[in-house]
Each structure stands twice: as C-alpha cells, then as structure tokens.
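Structure assessment
The lines below spell out each chain.
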Amino acid sequence: FLIKYDDLAKQNLLGSGQFGTVTKMFHKESNMNFAAKAINYDLTRDNQDNHYLMDLKASLKFANQCQHLIRFYGALNAEGYIWILTEIMDASMDRFYQKVFKKNLQMTELFLSKLACSVMGALVFMKQSDVMHRDIKPSNILLNYKGEIKVCDFSISGFVVDSVCRSVLGCRKYMPPEKMQPNQSKGYNSKTDVWSFGISLIEIATGIHPFEGLNDLQLIQTIFYDPPPKLDETKFSPDLCRFVDKCLIKMPDDRSTCESLSENEFIRKFSNTPIDLGFIKTIIDEVVNDPLE
Ligand code: ADP
Ligand code: MG
C-alpha cells in the first residue's frame, strides 16, 4: 500500500544520529506504527523530478525478501526532508548492551550467537543482491520483543552521505585497516562489513568498544599497525573467540567471508536452541522505560 505523508501522525522521537532523526509515526489507515528517518536533503534543490527518490526506493525494496533486514515501506519527500519509512523495532543493540552491563548482567553466548547468525544472514543476502552495508555498528542492529534481530540503514549511508562518513570519527571506529588509506577508491566489499561486525561483536560482548578513548590519529594508527583486537579467552568460549578472530583478520583477502562465517561452529552449535526471550524482554523493558530526552 502507498503511504502519504499527510496520513502519518508523529509520535515520539526514537533517536537521532549524524544525518538526522528517527521518529515513530502512526499510520491511521493501516493502524500501524512505522519508524520514519528524516534525511535533510531537499529534492527541489536539484530539481531531479524525484528520480533520486525512485532510485532510493528501488535500492531499499530488495530488503523485504530477507528476514534479517528491516522491512521497508516507502520513501517520501516532504518538508524539505526525505522520509524513509521502515518497520519499527523495540530497541537498538547499542542501547540494549548498555542496559545489560548497567544491570551487571552478562551477555549470554546464546544471545551473541543469534546476533551473529542474523547479521551474517543479512550480509550473505546483501552480497547476493550486490549491495554492501558500509555502516555495520551496534546502533544499526535492532531487536524486538519477539526476539527478532535485524539490520537497518543498509544502502542509505552509501546513497546520501558516503563522503560525510569518512570524515566522522564515529564511523572510523568500525572501519577495517584497508579503509584507513587516504585514497581508497577501490570501493567497499562485503569483507568491510565482516570486520565492522567483528568490532561490534567485541563491543556488545564486553560492553566497551575496543578502541574506546582513542583520538582520530591514534585510532587510525591502532587499526593500521597494531594486531587486531581480541576477546579475552578466559572470559569467552574458544568458539566465540575464534569467530571474532576470523572477522578481524587484517588482510581482507585472508578474512573470512560472510558465507563461511554463517556456517561457523559458533553459530551452528546454538542453531537448535531458541533465543532467550525472558532475557530479551527484561532488557528491552529497561530501554523502553528510559526514554530519550
Ligand atoms: P545511528 O544509527 O547513528 O544511531 P540513526 O539516525 O540511524 O543514527 O538512528 C538513530 C536511532 O534511532 C538509533 O540508534 C535507534 O535507536 C533508533 N532507530 C532507528 N531505526 C529504528 C527503527 N526502525 N525502529 C526503532 N528504532 C529505530
Ligand atoms: Mg542508524
């Protein structure tokens, strides 16, 4: 069905990032809530006859065939913004893991395995569709009370703001060594996303980003010259530690592919165990009851 901007009623703010804000929107006709991301990009400025919007819609629609990607419902041009309408989820992984550690709880390996399974599933699907994510990080992995874990913001980053991202520290924290060179024109491939997920997995498992506290120059030097970060082998299982190591091989050609990682022992050993819904509900409740200012 087609959603018109006038049929949407603004609810609360879900969050804001570098490029705009995400608002909960209620659609009366369908009685559904959506997440609407407002990107400050004035189409009339370029007078492009909405070609831009059509391209964006085409590049987002592919996602609806994959259970590990956020469902896409439409893109609108209104009030000087592009609004991207997607399925609404209950929490993002960055806020989720922060609540886990604030409550002095542990991230279970079962949960981390399900997380890895979903993200690798999303990466495999995107690779088959010839789409790169380019911005894998905890805030772009969302979950809901049903225990579904899904990736969002695929292709948007490449579409609107690829050049902005390179100059922003927040994005660099998840970038692989091969992206640290200044004139990287070779473009992204899915090995980039595998590295970014390895970094995210350490952050989510330990509650702290492995490069926390580094300034821009230190960050670039660390990623480029130091051995890759690892999980503490006294705190996590050998299977999980090995999975992370395979994501964080510095040479992209030697780094594991998303296909082989999606069949990795760390994912397979939990494949017949359902995700712990009680744990997820407890933590999402914390996130939901702590609204943004
Ligand atoms: P970033 O990903 O850098 O945090 P975004 O603008 O992409 O910035 O998103 C801001 C926040 O909005 C996210 O951190 C997340 O908490 C929330 N959010 C984004 N999309 C959704 C969604 N579909 N459902 C629920 N919350 C969302
Ligand atoms: Mg995002």
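Here's a quick rundown of the structure. (Residues numbered from 1 in each chain as written. Chains lettered and ligands numbered in written order. Predicted model: local features only at pLDDT ≥ 70, side-chain atom pairs only at ≥ 80, totals over all residues.)

Brief notes about the site of ligand 1
For clarity, the cut-off: By convention here, the C-beta atom is placed from the backbone, and a residue is near a molecule or strand when that atom is within 6 Å of it. By the criteria applied, helices consist of DSSP H or I runs no shorter than four residues and strands consist of E runs no shorter than two, each listed in order from the N terminus. All residues other than Ala, Val, Leu, Ile, Met, Phe, Trp, Tyr, Cys, Pro, Asp, Glu, Lys and Arg, Gly among them, are scored as polar; the first ten of these are nonpolar and the last four charged.
Taken together, 20 residues lie around ligand 1, and Gly 15, Gly 17, Ala 35, Ser 92 and Ser 139 are the ones closest in. Those elements that place two or more of their residues in the shell around ligand 1 are strand E1 (8-17), strand E2 (20-27) and strand E5 (81-87). Examining the composition of the shell around ligand 1, we find that four residues originate from one element, E1, more than from any other. Each residue belonging to the shell around ligand 1 can be placed in one class, and the counts come to eight nonpolar, nine polar and three charged.

Focus on the sheet that holds E1
Heads up, the rule is: At least two DSSP bridges between two strands are needed for those strands to be called paired. Note on method: axes are straight lines fitted to C-alpha atoms, helices fitted across the in-contact stretch only, with angles between N-to-C directions ranging 0 to 180 degrees.
Read from one edge to the other, the open sheet built from five strands follows the order E1-E2-E3-E5-E4, with strand pairing classed as antiparallel. Every other strand in the sheet has two partners, leaving E1 and strand E4 (72-78) as the edge strands with one partner each. When strand polarity is set aside, the average angle formed by the axes of neighbouring strands in this sheet is 25 degrees. In the sheet, E4 pairs with E5 via six bridges, with the strands oriented antiparallel. The residue of E5 that forms the bridge with Leu 76 is Trp 83.

A few points about helix H10 (residues 238-247)
In plain terms, the rule: Residues with at least 20 other C-beta atoms within 10 Å of their own are called buried, those with 12 or fewer are called exposed, and the rest are partly exposed. The C-beta atoms themselves are positioned from the backbone. This arc describes the spread of directions from the helix axis toward the C-beta atoms. It is the C-beta atoms, placed from the backbone, that decide contacts: two residues are in contact if theirs lie within 7 Å.
The complete set of buried residues in H10 reads Leu 240, Phe 243, Val 244 and Cys 247. Buried residues of H10 fall within an arc of 95 degrees about the axis and therefore sit on the same side. Buried residues along H10 sit in contact with helix H4 (109-128), helix H8 (190-206), helix H11 (258-262) and helix H12 (265-268).

In short, the description is geometric, and any link to function would need to be established separately.
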